[in-house]
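# Structure assessment
Here are the chains, one letter per residue:
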Amino acid sequence: MRRTVLSAASVLVVAISACSSPPAKSPPQALTVCSTGDYRPFTYRDAEGRWSGMDVDLVQDFARESGAEVHLVPTTWPTLMADLGQKCELAVGGITVTADRAAKALFSDPYLRDGKAAVVRCADAAKYRSLADIDRGGVRVVVNPGGTNEQFDRANLHHATIIEYPDNNTIFDQVIERKADVMITDGSEIRWQVTQHPQLCAVSTDQPFTVAQKAYLMPKGAADLQQRINKWLSAIQSNGSYAAVSRKWLGADVGPK
């Protein structure tokens, strides 16, 4: 009889211990994020697969606030919209807000105001002071296909020769090496590239050819994620966190207005 009582007491102690033990922590939720990794200063993926850039810093901050872990997934500009919702739940990396993209997906609130400008060899800067100077016969304009740079060039350049070049990581070398004369892209990218390449100078970054905004992209139906990102963007723009990241990568606090 005594043995039975002891056994029952032992079972009770084990049960109480199990109930009082802290619950096991669940692993962090994965946030899958597509990016091209070829658009500095927003995102860059090096040969070893390491990611860096303004939007990498920002999306990692959002993930920390959400208790999630970022899984970055490489994509390309031509396949970005097809990959969204299939390979990832969010796309970042200097993505310009356009009506075509907005018809197919959801944008966050804009976080940066930008616009198309040009970059040329400094030795030739006096020749290319305006879009009209660029759109002349004999001028070679290099472009990375599949994004808003190509859309702008096809719509606005009627006399210059457009040269497609698929590697956005080395495309500025085409201008430096005189294989092209001009590249038209967003002013934010140009500002960063001219700090890396003293041979290059900016044209019209203070008065860009267009006005556009950058935002994050989600599939249709991801309204909950959209709301959480918008709330987070509002918070970091108020508390100075966004300004610090912007100054790190753009050299200034460049916001949505």
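Reference entry: report on the structure contained in this document. None of the values given here were measured: they were computed from a predicted structure.

Another aspect to go through is the overall build of the chain. Scanning the chain from terminus to terminus reveals 10 helices and 15 strands. In the chain, buried positions account for 44% of the 257 residues. In the chain, the proportion of contacts linking residues at least 24 apart, taken out of those at least 6 apart, comes to 71%. For the chain, the exposed area adds up to about 13200 Å²; of that, 53% sits on carbon and sulfur atoms.

This paragraph deals with the pattern of salt bridges. Across all of its chains, the model carries 15 salt bridges by this definition. Among the ionic pairs, arginine 50 bridges to aspartate 46, the shortest N-O distance being 2.8 Å. In this structure aspartate 46 comes out as buried when scored by relative accessible area, which is 16%. With a shortest N-O distance of 3.9 Å, lysine 87 and aspartate 83 are connected by a salt bridge. Bridged by salt links that share partners, the residues Arg121, Asp124, Arg140 and Asp181 form one connected network.

Let us now look at unusual backbone geometry. The linkage connecting arginine 40 with the following residue, proline 41, adopts the cis geometry, with an omega of 15°. Structurally, proline 41 can be placed in the loop between β2 (38–39) and β3 (43–45). If you check the backbone angles, arginine 178 has positive phi at about 65° while not being a glycine. Structurally, the position occupied by arginine 178 is in the loop between α7 (171–176) and β12 (182–186). For serine 204, which is not glycine, the phi dihedral falls at a positive 70°. Its place among the elements puts serine 204 in the loop between β13 (200–203) and β14 (212–214). Given a relative accessible area of 22%, serine 204 falls into the partly exposed group.

What follows is about the sheet that holds strand β4 (residues 51–52). Pairing is antiparallel in the open sheet, where three strands are placed in the order β2-β3-β4. In this open sheet, the two edge strands, each paired with only one partner strand, are β2 and β4. Examined bridge by bridge, β2 and β3 share two bridges and lie antiparallel to one another. Considered in β3, the bridge of aspartate 38 is made with tyrosine 44.

The rules we used
Residues numbered from 1 in each chain as written. Predicted model: local features only at pLDDT ≥ 70, side-chain atom pairs only at ≥ 80, totals over all residues. Heavy atoms only, no water. Helix = DSSP H or I, 4+ residues; strand = E, 2+ residues; numbered from the N terminus. Buried < 20%, exposed > 50% of the residue type's maximum accessible area, 1.4 Å probe, protein only. Contact = heavy atoms within 4.5 Å. Areas by Shrake-Rupley, 256 points an atom, 1.4 Å probe, with all protein chains shown as cover. Salt bridge = Lys/Arg side-chain N within 4 Å of Asp/Glu carboxyl O. Pairing = 2+ DSSP bridges.

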